[in-house]
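Coordinate inspection notes
Letter by letter, the chains look like this.
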Amino acid sequence: MTVRHVRACASKVPRDAAVGNTCKVPLGAIVSPFLSNKKTPMPMMPWQGKRLGSGVRCVRCRAMASRYCHVAEDRVTWRCALCGQQNKVKEADASRLLLMQTNHDNGDDEENHGSVSVMEWVSDASVSVKVRRTLVLLIDVTLDADHFEMLRVGLLDFLGKVLGNKDGPSRLAMASFGSVATLYHLGEEEGGEEATTSSVVEGDAFPVSLQGCIGGEEGQRGLAVATLEANLQRYFLEVNRTEGGGVSSGERERVLRRVERTLRAISPFSSRRNTPNHERPRCLVGSLSLVSKAIKMCEWSLDDGQQGGLGGSNQNLTSIMVVGGGNCTKGPGSIPSEDHPKFIHLEREALSFIEELAEFLTERSVVVDIFGAGHVSLDVPCLYPLTQNTGGCLMMYETFGKDLFAALESAYNRFIGTSAVMDFHLSADHFNVDQIVGPIKPVSAKNRRRAIAEGNGGSSGGGGSLLSDNAVELTSVEYDHGITLSLSMRADIPGDSTFFQVEVWYASLDGCWRHRVITSRISVTSSGREFILSVDPLAVGVTLAKKAMVDIRKAKYSRKVVDGVKKDLADRIYDIARNFSPKVRGDSGGIVARFFSKPTCLLKEELAILAEFVYHLGRTVAFTENAHRDEKTCFVAHFLRCGVESCARMVWPRCLTLGPQGPVALPAADIALQMEQHFLMDCGLDCFVWVKSNSAVGSTAVGDRERSILAKYNEYMWHFMLRGRFPAPEMHLCMEGTGNARYLQSRLIPTRQDTPEEQADQVRGLGSLEPGLRNAHITSLVSSFHCTDEPSFREWCRQTSLSCGSQALGIL
Ligand SMILES: [Zn+2]
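Below is a summary of the structure that appears in this document. Treat the numbers as computed from the prediction; the structure is a model and nothing was measured.

Another aspect to go through is the packing of helix 11 (residues 343-363) against helix 12 (residues 380-388). Helices that pack against each other are described as a pair by the angle of their axes relative to one another and the distance between those axes. One can describe the packing of helix 11 onto helix 12 by two numbers: an axis separation of 8 Å at closest approach and a directional angle of 20°. The orientation of helix 11 with respect to helix 12, classified from their angle, is roughly parallel. The hand of the helix 11/helix 12 crossing is right-handed. Judged by residue contacts, Leu-351, Ile-354, Glu-355, Leu-357, Ala-358 and Leu-361 of helix 11 engage Cys-382, Pro-385 and Leu-386 from helix 12.

Below is the structure:
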């Protein structure tokens with residue numbers, strides 16, 4: 001499969017700006033800058049001494065030269081593809097220019113997706129960078145003894161795995177939250193069993209009472225900070241790594257032993273008073289604040305030389321991983337109960353504390369990942385700034401089991417670098433950048449200064465900053481990132497093509513600076529048909545969905561706003577279909593009907609996928625009524641950071657059954673429930689395995705048969721589908737007749753209401769049967785389904801005045 005760094009909403013744009021801005025097809029693209037193409041590796045361009053790469057730039061628009069630029073035959077000038085400027089070819093540039101022209105990634109499919117050129121410069125040994133990874137584990141000590149034991153075993157297993165990695169942490173710390181925030185003496189020199197154990201008892205282990213740390217007396221706070229500073233070396237355990245980045249088995253044992261002793265010395269929550277889980281004191285945010293103070297101090301004492309910033313030679317990548325069983329109930333960042341007399345004041349204070357803390361962490365590239373388990377709400381919307389703004393993730397699991405710790409591991413391994421800065425160049429005067437959605441933050445003052453210095457001293461001539469006004473920093477660097485760029489047209493485009501270019505610099509974990517330049521050529525067309533044929537329905541769907549999710553999250557998922565957004569999306573599909581369809585069927589009703597109802601519009605094949613995507617979007621947890629705010633926020637948080645493929649998977653469920661001949665794709669419609677004995681539905685963050693109840697036994701208890709089916713799908717997914725996928729989905733068994741089955745049923749298209757003819761159209765495989773036989777077969781298939789208020793895809797189209805003709809339901 002072709003690796004696509006840029007998925008444009010349409011590979012062609014209309015010549016006429018008025019058409020472009022009113023046709024309802026969003027203009028823009030989703031950029032996945034960090035994808036790598038293993039089959040056709042990207043050409044590596046030689047880095048020439050400069051810290052920020054050494055391409056040739058246009059003096060006018062500062063875009064990089066690419067294979068689309070034209071070099072005059074006499075090699076005296078070259079014409080910039082983006083702005084048309086004739087640049088002088090400097091002697092030093094001539095050979096590089098030639099290289100940039102001929103060297104390009106051939107992996108893209110020009111015919112169908114437009115033309116894209118990808119180049120990458122990789123720094124050599126003279127410009128190396130050291131990325132130091134610090135891992136801070138933040139654990140909940142209010143768990144019951146059995147859960148805490150699962151947490152202890154799981155954490156040690158996780159640590160054992162990541163320590164062995166090449167990119168494992170070189171510094172480790174551990175803190176906990178309960179009624180107090182505690183930072184443990186992991187880094188303490190080993191002095192016999194007793195001394196180490198005693199280092200975690202209260203009094204010695206720096207139990208900062210929150211009143212002392214924040215908001216308390218000035219003197220107490222000073223004391224807390226002084227204690228922290230004096231003991232800094234004891235809190236951070238240095239992991240001795242070998243030259244190649246690994247750790248010896250002895251070192252691994254030493255680290256694990258210390259962590260294990262500390263974990264064993266923590267006494268689980270005393271449930272003598274029978275405090276219910278949601279009332280237990282958890283100072284989650286206060287504990288994060290304590291850790292952030294320690295991290296800040298490390299910047300001064302543990303690192304020297306130039307660090308941070310674009311082109312710096314030392315970079316820190318710090319992850320704080322929070323594993324907890326409930327929301328923050330104590331200390332700063334906790335929200336009181338709604339009947340509290342000062343609720344509004346206290347809520348505002350808590351939220352602004354969280355915002356400030358998030359800002360502090362974001363500035364220092366500290367990523368906060370929060371993992372929740374158990375049945376207590378995490379109050380995810382409240383914690384959202386801490387994870388989303390820092391580039392972290394929020395995940396919830398049923399229990400402290402295998403899935404959670406596998407997620408911890410894949411979360412740790414998802415990074416491929418740090419300190420990324422991204423910039424966009426657009427063909428002069430053709431487009432405006434309206435909105436950028438993704439894991440981004442503003443460019444820091446430090447990086448702006450650096451870009452100006454580099455731009456002025458650069459070999460490419462011309463002064464000014466390397467970065468344009470469109471530049472952003474990324475909160476984290478991961479393969480699956482998708483940054484969505486929304487554009488609007490400024491004027492008609494005179495030529496046959498227009499260009500846009502994405503530049504990204506980042507420090508990769510292997511110790512190089514990388515500068516990747518992705519240039520995309522977009523053809524210009526005057527023909528509406530050509531334009532609509534070039535539309536990428538998934539890219540359009542994902543772009544619309546990301547915008548919609550930003551809106552509904554801001555409105556706190558209010559029913560009114562969600563309904564409005566859903567209606568707007570449906571209207572938009574109608575408008576797009578209508579704009580590009582010459583055949584609009586007039587309504588046969590009277591004058592009144594003609595005035596008040598829209599004429600039915602035939603949905604063309606190229607737009608059917610888009611319509612079905614939007615239909616599924618309305619049925620995801622973000623848009624439905626019966627999901628918890630935590631679930632909605634987690635879903636939206638993942639969706640906004642992912643590339644097209646992952647987003648499509650989260651919206652459009654994919655079903656498959658494992659038959660004797662291997663996997664067979666099924667339509668994501670309820671008819672699949674009756675067609676197969678068992679199948680799997682992949683919804684991105686969750687996978688559901690459906691097993692028909694064994695009617696001979698008549699039992700809904702999970703037995704050996706069900707367990708072995710689940711294991712079979714589990715194995716298949718881990719072997720073939722989940723490699724490199726982050727986050728790995730949680731697997732659920734849904735047996736016919738059990739409560740779990742409703743999760744699966746709520747995502748399948750209810751087709752019960754449709755006629756057998758319509759069903760045969762929708763489900764490939766049934767269409768080939770002889771009509772009489774087919775109808776009888778379908779009637780028996782759907783006879784057991786419950787009636788539902790939810791419209792089927794056909795009905796939804798009818799409500800939107802669209803007719804999908806005999807289009808089959810797509811199988812993505
Ligand atoms: Zn230019």
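In contact at an axis separation of 10 Å, helix 4 (residues 145-164) and helix 9 (residues 249-265) are set at 165° when each is read in the N-to-C sense. Looking at the two axes, helix 4 sits roughly antiparallel to helix 9. Note that helix 4 runs across helix 9; the crossing there is right-handed. Along its contact with helix 4, which presents Phe-148, Arg-152, Leu-155, Leu-156, Leu-159, Gly-160 and Leu-163, the element helix 9 presents Arg-252, Val-255, Leu-256, Val-259, Glu-260, Leu-263 and Arg-264. A class-by-class count of the residues in the contact of helix 4 with helix 9 yields nine nonpolar, one polar and four charged.

The next point concerns the sheet that holds strand 6 (residues 77-79). Whether parallel or antiparallel, the strands of a sheet pair through hydrogen bonds between backbone atoms. Ordered by their spatial adjacency, three strands build an open sheet running 5-6-7, and the pairing between neighbours is antiparallel. The open sheet is flanked by strand 5 (70-71) and strand 7 (86-88), the only strands paired with a single partner.

Attention shifts here to the coordination of the zinc ion. Within the protein, Cys-58 (SG), Cys-61 (SG), Cys-80 (SG) and Cys-83 (SG) serve as the donor atoms for the zinc ion, at 2.3 to 2.4 Å. Of note is the zinc ion, whose four donor atoms meet at the metal with angles of 103 to 113° in an arrangement that counts as tetrahedral.

On to the environment of Thr-624, then. Note that Thr-624 resides in the loop between helix 19 (605-617) and helix 20 (629-641). The class of Thr-624 is buried, set by a relative accessible area of 16%. Along the chain, Thr-624 and Ser-746 lie 122 residues apart, while their C-alpha atoms are 9.9 Å from each other. A polar atom in the side chain of Thr-624 sits 3.5 Å from the backbone oxygen of Val-621.

Once that is clear, we can look at unusual backbone geometry. Here Phe-726 and Pro-727 are connected by a cis peptide whose omega angle stands at -5°. Within the fold, Pro-727 resides in the loop between helix 23 (704-721) and strand 31 (730-735). A positive phi angle, close to 65°, is found at Arg-62, a residue other than glycine. Within the element layout of this structure, Arg-62 appears in the loop between strand 4 (44-46) and strand 5. Residue classification places Arg-62 among the buried positions, given a relative accessible area of 9%. For Arg-75, which is not a glycine, the phi torsion comes out positive at approximately 60°. When you line up the elements, Arg-75 lands in the loop between strand 5 and strand 6. Residue classification places Arg-75 among the exposed residues on the basis of a relative accessible area of 51%.

All right, on to the pairing of strand 28 (residues 662-666) then. Alignment of strand 27 (residues 654-659) against strand 28, held across five bridges, turns out to be antiparallel. If you follow Gly-659 over to strand 28, its bridge partner there is Gly-662.

What follows deals with empty space enclosed by the protein. Tallied over the full model, the rule gives nine cavities of 30 Å³ or more. The calculated volume of the second largest cavity comes to roughly 90 Å³. Along the wall of the second largest cavity there are 14 residues; nearest its centre are Ala-10, Val-13, Leu-27, Gly-28 and Ile-522. Here the lining of the second largest cavity takes three residues from strand 3 (residues 27-31), the largest share from any one element. Along the lines of polarity and charge, the residues of the lining of the second largest cavity split into 13 nonpolar, one polar and no charged.

Reading the values: the criteria
- Residues numbered from 1 in each chain as written.
- Predicted model: local features only at pLDDT ≥ 70, side-chain atom pairs only at ≥ 80, totals over all residues.
- Heavy atoms only, no water.
- Axes fitted to C-alpha atoms, helices over the stretch in contact; angles between N-to-C directions.
- Helix = DSSP H or I, 4+ residues; strand = E, 2+ residues; numbered from the N terminus.
- Parallel < 35°, antiparallel > 145°, perpendicular 65-115°, else oblique.
- Left-handed = near helix turned anticlockwise from the far one by under 90°.
- Contact = heavy atoms within 4.5 Å.
- Nonpolar A, V, L, I, M, F, W, Y, C, P; charged D, E, K, R; others polar.
- Pairing = 2+ DSSP bridges.
- Donors = N, O, S within 2.8 Å, 3.2 Å for Na, K, Ca; no water.
- Tetrahedral: all angles 85-135°; square planar, octahedral: opposite > 155°, others 65-115°.
- Buried < 20%, exposed > 50% of the residue type's maximum accessible area, 1.4 Å probe, protein only.
- Polar contact = N/O pair within 3.5 Å; in protein donor to acceptor, adjacent residues only side chain to side chain.
- 1 Å grid on protein atoms, 1.4 Å probe; cavity = no way out; pocket = protein on both sides within 12 Å on 5 of 7 lines; lining within 4 Å.
- Points joined across faces, edges and corners; volume = space filled by probe spheres on them.

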